[in-house]
Amino acid sequence: MSDVPRVIEIERLAYPSTWPPSAYRKELQDNRWAHYIVLRDKHIFEEQTAVTSEPEKVRKTRPFPLSLLPSRPAVTAPSPDLASIIGFSGLWLMVDEAHITTIAMHPEFRGNGLGEFLLVSLIDISYNIGAKWVTLEVRVSNHPAQNLYRKYGFREAGVRHRYYSDNQEDALIMWTDEINSPAYKQKFLELKAALLQKLEAK
C-alpha cells in the first residue's frame, strides 16, 4: 500500500488516462486474483539512503532527482523505498488466463529493456499461479508495445472498439499460445536469458 503514491505518479507520467488511487487500494486489499509488482532501482535506493542519513543542514543543499511532484519544488524528500520505484505492472488471474492489466515505466528509464523485464516478470508470475494463457489489451497506435508483445508470442485476437476513455481509441486484444507448451516455454526461456544477460551487462 505504501507504494501507491509513487505508482500513481509514474502512471500519470506514462499514460493519458489513469486509475484513481482508490482503484489500486481496492486491487491490493480486496482482489485476491490480482498480482502487482514494482521495479526498484537499487542505485537510487542507495543514493537516497545516503542522503537521508546525512544531517538535516547538509540534506537541504542536496537536490532530489525523483521528487514525487516533479513539476514543483520538493518540500520533503520521499523515502528511499518510494523514490527507487521506476516502474510497475500487474495482472489478474481469471480462471486459467493471466490478464495483464498494466505495465508502466517512468519515462526517464525507458529504452533500457526494463519494460520488457516487467513483461517477463508477469509471464513468470503467470507460470507460478497456474495460468495457461496470457492476454492483454494495447492501443492500436502503440506499435512499440505491440512489437514487444509479438516478440513474446502474443498474437492479435480481436479489437475492443473505443476501449480507451481519453480519446476513444480502439484496443487490440492479444493472446499468447498455451504457455506450458514445450515450444512456447523454450522460446520464453531463451528470450528471458538473453534479456537478463543484456541487463547484467549494463
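Keep in mind that this is a model prediction, so the values were computed, not measured. (Residues numbered from 1 in each chain as written. Predicted model: local features only at pLDDT ≥ 70, side-chain atom pairs only at ≥ 80, totals over all residues. Heavy atoms only, no water.)

## Considerations on the confidence of the model for the protein chain
In low-pLDDT segments, the atomic positions of the prediction should not be examined closely. Considering every residue of the protein chain, the mean pLDDT works out to 87; 86% of them sit at 70 or more. Below a pLDDT of 50 lies the segment residues 57–75, which in the model reaches 27 contacts outside its immediate sequence neighbourhood of four places, other chains included. (pLDDT = per-residue confidence, 0-100. Contact = heavy atoms within 4.5 Å.)

## A few points about the pairing of strand β2 (residues 85–94)
By the criterion of burial, β2 is predominantly enclosed, with 8 of the 10 residues buried. Bridge analysis of β2 against strand β3 (residues 97–105) gives 8 bridges, and the strand direction is antiparallel. Note that in β3 the partner of Gly 90 across the bridge is Thr 102. (Buried < 20%, exposed > 50% of the residue type's maximum accessible area, 1.4 Å probe, protein only. Helix = DSSP H or I, 4+ residues; strand = E, 2+ residues; numbered from the N terminus. Pairing = 2+ DSSP bridges.)

## Observations regarding the packing of aromatic side chains
Taken as a whole and judged by the stated rule, the model has 7 aromatic pairs. Considering the side-chain rings of Tyr 24 and Phe 88, the 6.0 Å spacing of their centres and the 85 degrees angle between planes classify their relative orientation as edge-to-face. Of the two residues, Tyr 24 is situated in helix α2 (residues 21–30) and Phe 88 in strand β2; the sequence distance between them amounts to 64 residues. Across the pair, Phe 88 and Tyr 24 agree in class, each one buried. Ring geometry for Tyr 163 versus Tyr 164: centroids 5.0 Å apart, planes at 90 degrees, classification edge-to-face. Here Tyr 163 falls in the partly exposed class, since its relative accessible area comes to 41%. (Phe/Tyr/Trp six-rings, centres within 6.5 Å; stacked < 30°, edge-to-face > 60°.)

## A closer look at the packing of helix α6 (residues 114–128) against helix α8 (residues 182–200)
Between two packed helices, both the angle of their axes relative to each other and the distance between the axes serve to describe the pair. In the contact formed by α6 and α8, the axes pass within 11 Å of each other and the chain directions differ by 140 degrees. When the interaxial angle is binned, α6 and α8 end up oblique. As α6 runs across α8, the sense of the crossing is left-handed. Of the residues in α8, those in contact with Leu 114, Glu 116, Phe 117, Val 120, Ile 123, Asp 124 and Tyr 127 of α6 are Tyr 184, Lys 185, Phe 188, Lys 192, Leu 195, Leu 196 and Leu 199. Grouping the amino acids of the contact of α6 with α8 by side-chain chemistry returns 10 nonpolar, no polar and 4 charged. (Axes fitted to C-alpha atoms, helices over the stretch in contact; angles between N-to-C directions. Parallel < 35°, antiparallel > 145°, perpendicular 65-115°, else oblique. Left-handed = near helix turned anticlockwise from the far one by under 90°. Nonpolar A, V, L, I, M, F, W, Y, C, P; charged D, E, K, R; others polar.)

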